[in-house]
Amino acid sequence: MNILIADDDPMQRELLQGFLERQGHRVLCAADGEQAVAIVRAEPVQLVLLDQRMPKLSGDLALAEMKALNPLIRAFMITGYGAVDTAVSVMKLGADEFLEKPLDLPSLLEKIQRVEIVLAVDEEVAAVEDALEENPGLPLRLIGKSPAMLEVLSVVHRVSSSPWNVLIGGETGTGKEMIARLIHLLGTRRDAPFIEVNCAAIPENLFESELFGHEKGAFTGAAKQRRGRFELAHGGTLFLDEVGELPLILQSKLLRALQEGRFTRVGGESDLTADVRIITASNRDLRIMVEDGRFREDLFFRLNVLEIDLPPLRQRREDIPALIEHFLARYADRPVRLSHEAMDVLVKYAYPGNVRELEHIVQRTLTLTRGGLIKPADLPPEVRRAEMIDHGLLQERIEAVEREMLVSALERTAWIQTRAAEMLGISERVLRYKMGKYGIRRREV
Ligand SMILES: Nc1ncnc2c1ncn2[C@@H]1O[C@H](COP(=O)(O)OP(=O)(O)OP(=O)(O)O)[C@@H](O)[C@H]1O
Ligand SMILES: [Mg+2]
């Protein structure tokens, strides 16, 4: 890393310079604030260690100028002992850390390493973003500026340039397939096919032929020779979705193909080979399945050379507004926007179905709302109910629960009010009264 030391004390400068150079950094030095700013103007400095009290230009003012020149520059402000007050204002100026004299070198080193990690992540994210921008034809628009997603993108970058198998984990609807495609598109195999196999959707007896192909007459219905997905993916990527659904017997067959790099078509004699990179996805925890003996450990290790875990949407709520905008732009046939209140409800919702659920909520809301403004009342009932149960005061919560019980009883009795009332232990008249109070009506589907 390129580090600039700005300090008017030559002893301090030399001490730090020697120490940091031994750690492999390139170190530049300045004896006052003005000189420091001049260096930042001329050289690519990533981190500056600034003495707060310097002649000509103080550390605070120098930092402000440096930030104007390079907003990405990281800065540690070094102050005299006990100068906490100024430290607060210095943080406001954009210092990342504030250190007291005398400097504790091991802790300085640790802070520098933290900066290095952040910078590396930034670079990797920038590389992914550049790649996405350079290829406007990419069939992908990935939304994600939350720290959790930036971390994922940085791993995607590292993973896509490697040849190893990748296992993508994460709850349903978190974007596993999207990330698998992105890894393929960013890697060296991008011009070769991306072939997808949904392990949950293929009947067990057809799986082998689907994956490895079959010869003519291999079984009833095999009228022609057919190439399997392994062969089709040659040179490219084979994406095995929902790999946790694969029965044990098929796991062994897959393992053999991966171990030996060869396979045979069903009913065939000769061994075939294919050069494929395997990306797998699972919304089940394969480690637990391994412990329970439902997933082969050796296969797990083969698939899981590199691992990416997609965080659930409720752990990256910062991304929700941008995702909503993205889906509105995709699905709205007229200009539509959300009221602040509606946005608020959506940002707070828990999304058990993650991004896919959000996508469906936007679609449903668009088809059910007239006009250009979406209000909380236009949102699907489960979103509003959850919001009330989680956030209301006692009376509101009781009402939300009551409403929920009424709707659920009605749904379970196919909206036959006599039976719903019976189920709830109330009279039909009370039921009708409460339905009126809460505005419960049967939804036309
Ligand atoms: N970061 C994102 N930006 C934009 N769209 C996204 C993002 N993540 C997911 N989506 C969209 O959400 C939907 C679900 O994503 P995807 O199919 O990749 O999820 P999944 O994890 O494979 O789900 P499942 O476990 O149910 O198979 C897709 O329509 C996808 O385009
Ligand atoms: Mg999927």
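Residues numbered from 1 in each chain as written. Chains lettered and ligands numbered in written order. Predicted model: local features only at pLDDT ≥ 70, side-chain atom pairs only at ≥ 80, totals over all residues. Heavy atoms only, no water.

A word on the packing of helix 6 (residues 147–160) against helix 7 (residues 176–186)
Here comes step 1: Contact geometry for helix 6 and helix 7: axes closest at 9 Å, N-to-C directions at 45°. Considering the angle they form, helix 6 stands oblique to helix 7. Note on packing geometry: the crossing formed by helix 6 with helix 7 is right-handed. Contact residues: Val 152, Leu 153, Val 156, Val 159 and Ser 160 in helix 6; Ile 179, Leu 182, Ile 183 and Leu 186 in helix 7.
Here comes step 2: Per-class residue counts for the contact of helix 6 with helix 7 are 8 nonpolar, 1 polar and no charged. (Axes fitted to C-alpha atoms, helices over the stretch in contact; angles between N-to-C directions. Helix = DSSP H or I, 4+ residues; strand = E, 2+ residues; numbered from the N terminus. Parallel < 35°, antiparallel > 145°, perpendicular 65-115°, else oblique. Left-handed = near helix turned anticlockwise from the far one by under 90°. Contact = heavy atoms within 4.5 Å. Nonpolar A, V, L, I, M, F, W, Y, C, P; charged D, E, K, R; others polar.)

Some details on the packing of helix 13 (residues 320–331) against helix 15 (residues 354–368)
Here comes step 1: At a closest axis distance of 10 Å, the pairing of helix 13 and helix 15 adopts a crossing angle of 50°. The angle between helix 13 and helix 15 places the two elements in the oblique class. At the point where helix 13 passes helix 15, the crossing takes the right-handed sense. Residues Ile 320, Leu 323, Ile 324, Phe 327, Leu 328, Arg 330 and Tyr 331 of helix 13 pack against Val 355, Leu 358, Glu 359, Val 362, Gln 363 and Leu 366 of helix 15.
Here comes step 2: Residue composition of the contact of helix 13 with helix 15, grouped by class: 10 nonpolar, 1 polar and 2 charged.

A closer look at the sheet that holds strand 4 (residues 74–79)
Here comes step 1: Strand order across the open sheet formed by 5 strands is 2-1-3-4-5, with parallel pairing between neighbours. Each edge of the sheet is formed by a strand with only one pairing partner; in this case those strands are strand 2 (26–30) and strand 5 (97–100). On average, each strand axis in the sheet is inclined to that of its neighbour by 20°, with strand direction left out of account.
Here comes step 2: Along the sheet face, helix 2 (residues 33–42) touches strand 1 (2–6) and strand 2 and points at about 140° away from the line of strand 2. (Pairing = 2+ DSSP bridges.)

Structural notes on the UniProt feature "modified residue: 4-aspartylphosphate" (unreviewed entry) in the protein chain
Here comes step 1: The feature "modified residue: 4-aspartylphosphate" (unreviewed entry), as annotated in UniProt, sits at Asp 51 in this numbering.
Here comes step 2: You can see Asp 51 is positioned in strand 3 (residues 47–51).
Here comes step 3: Apart from the residues lying within four places of it in its own chain, the contact partners of Asp 51 are Ala 6, Asp 7, Asp 8, Gly 59, Met 77, Ile 78 and Lys 101. (UniProt positions renumbered as here; feature names shortened; annotations may be inferred.)

Description of the pattern of salt bridges
Here comes step 1: Tallying each qualifying case throughout the model produces 27 salt bridges.
Here comes step 2: Between Arg 330 and Glu 359 there is a salt bridge, with its nearest N and O atoms 3.4 Å apart. Here Arg 330, found in helix 13, pairs with Glu 359, found in helix 15; they are 29 residues apart in sequence, far enough to count as distant.
Here comes step 3: Judged by relative accessible area, which is 46%, Arg 330 ranks as partly exposed.
Here comes step 4: The salt bridge involving Glu 402 is made with Lys 434; its shortest N-O contact spans 3.0 Å. With Glu 402 in helix 17 (residues 394–412) and Lys 434 in helix 19 (residues 428–438), the pair connects residues that are 32 residues apart, well separated along the chain.
Here comes step 5: Three or more residues joined by partner-sharing salt bridges are found here, namely Asp 7, Asp 51 and Lys 101. (Salt bridge = Lys/Arg side-chain N within 4 Å of Asp/Glu carboxyl O. Buried < 20%, exposed > 50% of the residue type's maximum accessible area, 1.4 Å probe, protein only.)

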